[in-house]
Amino acid sequence: MFEYIYINGRFYRSGKASIPVNDRGFLYGDGVFETMRSYNGSVFMLSMHLDRLFHSLKALKFFPDFDRNQIVNMVSKTLAKNRLTRKDAYIKVMVTRGDHSGTLHFNPESKLRVIIIAKSLVPYPRDIYSEGVDIISSSISRQISGDQVHRHKLMSYFENLYEKNRAHLQGAFESVFLTRDKLVLEGSTTNIFMIKRNTVYTPPLTQNVLPGITRRVVLDLCRLNRIKVWEKKVHYRDLINADEAFLTNSIAAVVPVRKIDVHRLEGRIPGEITSRLMDLYRIGTV
């Protein structure tokens, strides 16, 4: 559990921390968040997470009275308060639109609420990296593009939670959103990649896909290490016939996939390119 939680300039013991019932994040999910992890006290890709956070605040018409450096300072203090400066940690930064003023439109005068939690990271079981995971198709169809909501880490997260629970009930690791035409978008908590004939593919950000931080890191690793990579539309039939597939997010890093619905991928798990990217990613975090 979190020992101390940061809320707008003060630390509270976890059992004492609270926000008002009229907070718009609580009432309407009117807020954004970033989930990060630290390695031995160093927050991985913090600058990229802050780029995304402040882009979302601007795009969604939040009006912060704080800047990037203040968030960096808040995160550092939260890690120190929880004695995590030399440990691997799970970190979540949340920004809500603050107290509800009685009207639903956005109020430029709203005092935003910043909440930061940090706890010792419990790693995923090692066997998901050595044996791979099963994933399922989402029961919810998304449009392929045009919905800017899916480009932000919103606190109104029920669609993702619903699909994550469906996966859990079916013994799978993740549920992957598809369009009605069976184009692959992303997982409920991950981005997805596939490999065919030594080329890495992932759905482009022109579709309704979150610009994942680990997704970006993997794309950069591919280009820096002469691994062919292409951001393009991926159809479900391409995915189930892939040579390899893997998932990415900030906490799990790079996770190989062994089965999509009833379709088991052929070949060893993890495959050659997935293994290489897992190693390259691991080297980058040391």
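Residues numbered from 1 in each chain as written. Predicted model: local features only at pLDDT ≥ 70, side-chain atom pairs only at ≥ 80, totals over all residues. Heavy atoms only, no water.

## Observations concerning the pairing of strand β8 (residues 174-178)
Short version of the rule: Exposed residues in this analysis have more than 50% of their type's maximum accessible area, buried residues have under 20%, and partly exposed residues fall in between, with area computed by a 1.4 Å probe over protein chains only. A run of H or I in DSSP becomes a helix once it reaches four residues, and a run of E becomes a strand once it reaches two; helices and strands are each numbered from the N terminus. Strand pairing is assigned whenever DSSP identifies at least 2 bridges connecting the two strands. Note on handedness: a clockwise path from strand one over the helix to strand two, with the strands aimed away from the viewer, defines a right-handed crossover.
Among the five residues of β8, five are classified as buried, and the element is accordingly described as predominantly covered. Alternating residues of β8 divide into Glu174, Val176 and Leu178 and Ser175 and Phe177, and every residue in both groups is buried. Pairing geometry for strand β7 (residues 133-141) and β8, over four bridges, is parallel. Across the sheet, the residue bridging to Ile135 is Glu174, located in β8. As a crossover connection, the stretch from β7 through helix α5 (residues 158-169) into β8 is right-handed.

## Concerning the sheet that holds strand β5 (residues 89-96)
Put simply, the rule is: Two residues qualify as a contact provided that any one of their heavy atoms is within 4.5 Å of a heavy atom in the partner residue. Every angle, taken between N-to-C directions, lies between 0 and 180 degrees, and every axis is a line fitted to C-alpha atoms, over only the stretch in contact when it is a helix.
Pairing within the open sheet is antiparallel, and its six strands lie in the order β2-β1-β6-β5-β3-β4. Bordering the open sheet on either side are β2 (10-13) and β4 (42-43), each of which pairs with just one other strand. When strand β1 (residues 4-7) meets β2, the two strands line up antiparallel, connected through four bridges. When the bridges of β2 are listed, Ile5 appears paired with Tyr12. Strand contacts of helix α2 (residues 46-59): β3 (31-39), β4 and β5, with the helix running at about 180° to β3, the strand carrying the most contacts.

## Brief notes about helix α3 (residues 68-81)
The criterion, for reference: Working rule for helices: expected span equals 1.5 Å times residues minus one. Taken from the helix axis, the directions to the C-beta atoms give the arc we talk about.
With 14 residues, α3 extends 20 Å from end C-alpha to end C-alpha; this agrees with the ideal 20 Å at 1.5 Å per step. Considered for burial, the residues of α3 that qualify are Ile71, Met74, Val75, Thr78 and Leu79. Mapping the buried residues of α3 onto a view down its axis gives an arc of 130°, with all of them on the same face.

## Comments concerning the packing of aromatic side chains
Let me state the cut-off plainly: Two aromatic rings from Phe, Tyr or Trp, using only the six-membered ring of Trp, form a pair when their centres are within 6.5 Å; if the ring planes differ by under 30 degrees the pair is stacked, by over 60 it is edge-to-face, and anything between is tilted.
Following the criterion strictly, the structure yields nine aromatic pairs and no others. Ring centres 5.5 Å apart and planes at 85° place the aromatic pair Phe33 and Tyr157 in the edge-to-face group. Of this pair, Phe33 sits in strand β3 while Tyr157 sits in the loop between β7 and α5; the two residues are 124 residues apart in sequence, bridging distant segments of the chain. Residue Phe33 is classed as buried on the basis of its relative accessible area, which comes to 6%. Pairing Phe44 with Tyr281 gives two aromatic rings, centres 5.4 Å apart and planes at 70°, and the pair type is edge-to-face. Taken as a pair, Phe44 in the loop between β4 and α2 and Tyr281 in helix α8 (residues 272-285) lie far apart in primary sequence, 237 residues in all.

## Topic: the packing of helix α6 (residues 213-224) against α8
Threshold: The labels follow the angle: roughly parallel below 35 degrees, roughly antiparallel above 145, roughly perpendicular from 65 to 115, and oblique for the rest. Put simply, Ala, Val, Leu, Ile, Met, Phe, Trp, Tyr, Cys and Pro go in the nonpolar bin, Asp, Glu, Lys and Arg in the charged bin, and everything else, Gly too, in the polar bin.
One way to put it is that α6 packs onto α8 with a least axis distance of 10 Å and a crossing angle of 110°. Taken as axis vectors, α6 and α8 run roughly perpendicular relative to one another. From α6, Thr214, Val217, Val218, Leu221 and Cys222 reach across to α8, where they touch Leu277, Leu280 and Tyr281. Here the residues of the contact of α6 with α8 sort into seven nonpolar, one polar and no charged.

## Structural notes on α8
Each full turn of the α-helix corresponds to 3.6 residues, which orients residues three or four apart in the same direction. Between the first and last C-alpha of α8 there are 20 Å, a value that for 14 residues agrees with the 20 Å anticipated at 1.5 Å per step. Within the span of α8, buried status applies to Ile273, Thr274, Ser275, Leu277, Met278, Leu280, Tyr281 and Thr285.

## Describing a nonpolar patch on the surface
Rules: Only residues whose relative accessible area exceeds 30% and that form no salt bridge enter a patch; like-charged residues are grouped when within 9 Å of one another, and nonpolar side chains (Val, Leu, Ile, Met, Phe, Trp, Tyr) when within 5 Å. In this description, accessible areas are obtained by the Shrake-Rupley approach with a 1.4 Å probe, and a residue is regarded as covered only by the protein chains that are shown. One side-chain nitrogen of Lys or Arg within 4 Å of one carboxyl oxygen of Asp or Glu is enough to make a salt bridge.
On the surface, Ile19, Val21, Phe26, Leu27, Tyr28 and Leu104 cluster together into a nonpolar patch covering about 610 Å² of accessible area. Along the polypeptide, Tyr28 turns up in helix α1 (residues 24-28). You can call Tyr28 partly exposed: its relative accessible area is 42%.

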